[in-house]
Amino acid sequence: MTLIVVYNPVCGDSTAEQFIHAHVIPRLHSAGRIPTEIIRTRAPGHAGIEVLDCLRVDKEKGDITVVLGSGDGTLHEIVNHLAFAADAGIHNGSCSINFALVPCGTANALYVSLFRPTLSQDPVAYKLQSLEAFLRSSTPRPLTLSLTSLLGPLGSHHSQGDSKLVASVVVTSTALHAAILRDSERFRKEIPGIERFQVAAQHNITKWYTARVKLLPVAASGAAHIYNPERGDFVPVGSSESDSALDVHGPFAYFLSTVNVDRLEPEFCISPMISKSPSTDTSMDVIILRPHRDPTFTRDTLQAREKFASKTYAVLTTAYQDGNHVNLRYSENGDITESGLGHTVVEYFRCGGWEWIPVGGYLLFFD
């Protein structure tokens with residue numbers, strides 16, 4: 001088996017290089033596992049190029065393990081280089097690639113979903129848990145890939161064959177979450193931690209996004225499913241006709257889908273049922289917040305958006321309470337409550353995929 005170390009020196013708070021050489025390399029050497037290469041990434045996309053080159057050279061040797069010191073973004077780059085490279089060897093089963101993650105990014109969504117942090121845990125030991133699992137020859141956990149096809153505007157002469165494909169292992173989003181990830185990069189140097197996401201949210205929280213969404217059924221059941229707080233689990237929703245999509249109309253304040261992860265930060269549990277009630281079928285969890293569900297909504301005005309912003313903030317804050325935002329409901333007067341039988345504030349779906357059909361421009365984020 002080929003073993004390489006890849007790290008991104010500028011991810012997160014830019015301490016990956018120090019951590020890799022102070023803790024990861026010595027631990028590998030003490031276990032008698034000497035990496036073939038130690039790769040310091042130099043630019044966006046470089047990690048994917050280097051890992052793909054290693055696969056091309058060593059695929060006759062079988063499996064390759066990448067000890068990856070980065071955040072979710074660098075993993076995303078590698079996955080996309082490998083997913084669409086026909087000669088990588090992973091498509092015909094001639095070799096497989098395993099990752100031992102060393103969380104050096106800002107949020108590290110995949111890592112904190114797989115290895116829950118505790119207050120009493122030594123921070124260095126916590127960051128080495130995936131590496132230690134690899135050294136113990138633990139059974140790897142397979143990752144689900146979410147594939148997104150980006151098409152041209154409606155009515156344009158843009159064929160399906162010309163669409164761009166993007167693979168994700170954490171999140172695909174539009175609306176507020178995508179805007180947060182876009183704008184947070186402006187604050188990376190001044191605010192290297194997760195606090196910059198909150199600053200970016202304040203700049204975008206009054207924006208709504210007009211679109212129509214098709215939620216595709218889970219193949220095994222022939223239906224999309226929606227979370228029911230009274231049952232504490234998902235129930236089928238939509239047409240009883242098999243394999244029919246569910247139409248959801250905007251505007252949208254928040255929209256994202258996740259695979260593999262229940263949280264995007266150590267305490268921000270946005271898709272709690274991924275861990276509490278894992279799907280046995282190929283599916284993704286989708287979180288939607290639509291202003292029209294508020295019983296006090298009458299029309300789209302600046303004042304209405306500013307008023308609803310406080311409710312969006314309440315939802316996102318409650319996600320830090322072990323994902324309890326999915327249980328919030330509206331009272332008759334539009335207040336948000338954890339009891340009663342009013343409309344759920346958040347619509348939480350489990351489905352086989354989704355189509356976002358925008359009115360005007362749109363923004364998407366992948367990780």
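None of the values given here were measured: they were computed from a predicted structure.

Notes on helix α10 (residues 302–318)
Inference 1: With 17 residues, α10 should cover 24 Å at 1.5 Å per step; its first-to-last C-alpha distance of 25 Å lies within 8% of that length.
Inference 2: Looking only at α10, the buried set comprises Ala-304, Phe-308, Ala-309, Lys-311, Thr-312, Val-315, Leu-316 and Thr-318.
Inference 3: Lining the buried residues of α10 we find α7 (175–184), β12 (254–258), β13 (284–289), β14 (329–330), β15 (336–337) and β16 (346–351).

Looking at a nonpolar patch on the surface
Inference 1: A contiguous nonpolar surface patch, about 360 Å² in accessible area, is contributed by Phe-84, Leu-145, Leu-147 and Leu-165.
Inference 2: Of note, Leu-165 is situated in strand β6 (residues 164–168).
Inference 3: Leu-165 gets classed as partly exposed once you look at its relative accessible area, which sits at 41%.

Some remarks on the pairing of strand β10 (residues 233–237)
Every regular strand shows the same layout, with side chains that alternate between the two sheet faces.
Inference 1: One ladder, built from five bridges, connects strand β9 (residues 224–228) with β10; its direction is antiparallel. Its bridge partner lying in β10, Ile-226 is registered against Val-235.
Inference 2: Counted along the chain from β9 to the antiparallel partner β10, the turn is four residues long, and its residue Gly-232 has a positive phi close to 70°.

Description of the side chain of Lys-311
Inference 1: Looking at the element boundaries, Lys-311 is found in helix α10.
Inference 2: For Lys-311, a relative accessible area of 9% corresponds to the buried category.
Inference 3: Beyond its immediate stretch of four places on either side in the chain, Lys-311 contacts Asp-294, Thr-296, Tyr-330, Gly-334 and Ile-336.

What counts as what
- Residues numbered from 1 in each chain as written.
- Predicted model: local features only at pLDDT ≥ 70, side-chain atom pairs only at ≥ 80, totals over all residues.
- Heavy atoms only, no water.
- Helix = DSSP H or I, 4+ residues; strand = E, 2+ residues; numbered from the N terminus.
- Expected span 1.5 Å × (residues − 1).
- Buried < 20%, exposed > 50% of the residue type's maximum accessible area, 1.4 Å probe, protein only.
- Contact = heavy atoms within 4.5 Å.
- Patch = residues over 30% accessible without salt bridge, like charges linked within 9 Å, V, L, I, M, F, W, Y side chains within 5 Å.
- Areas by Shrake-Rupley, 256 points an atom, 1.4 Å probe, with all protein chains shown as cover.
- Salt bridge = Lys/Arg side-chain N within 4 Å of Asp/Glu carboxyl O.
- Pairing = 2+ DSSP bridges.

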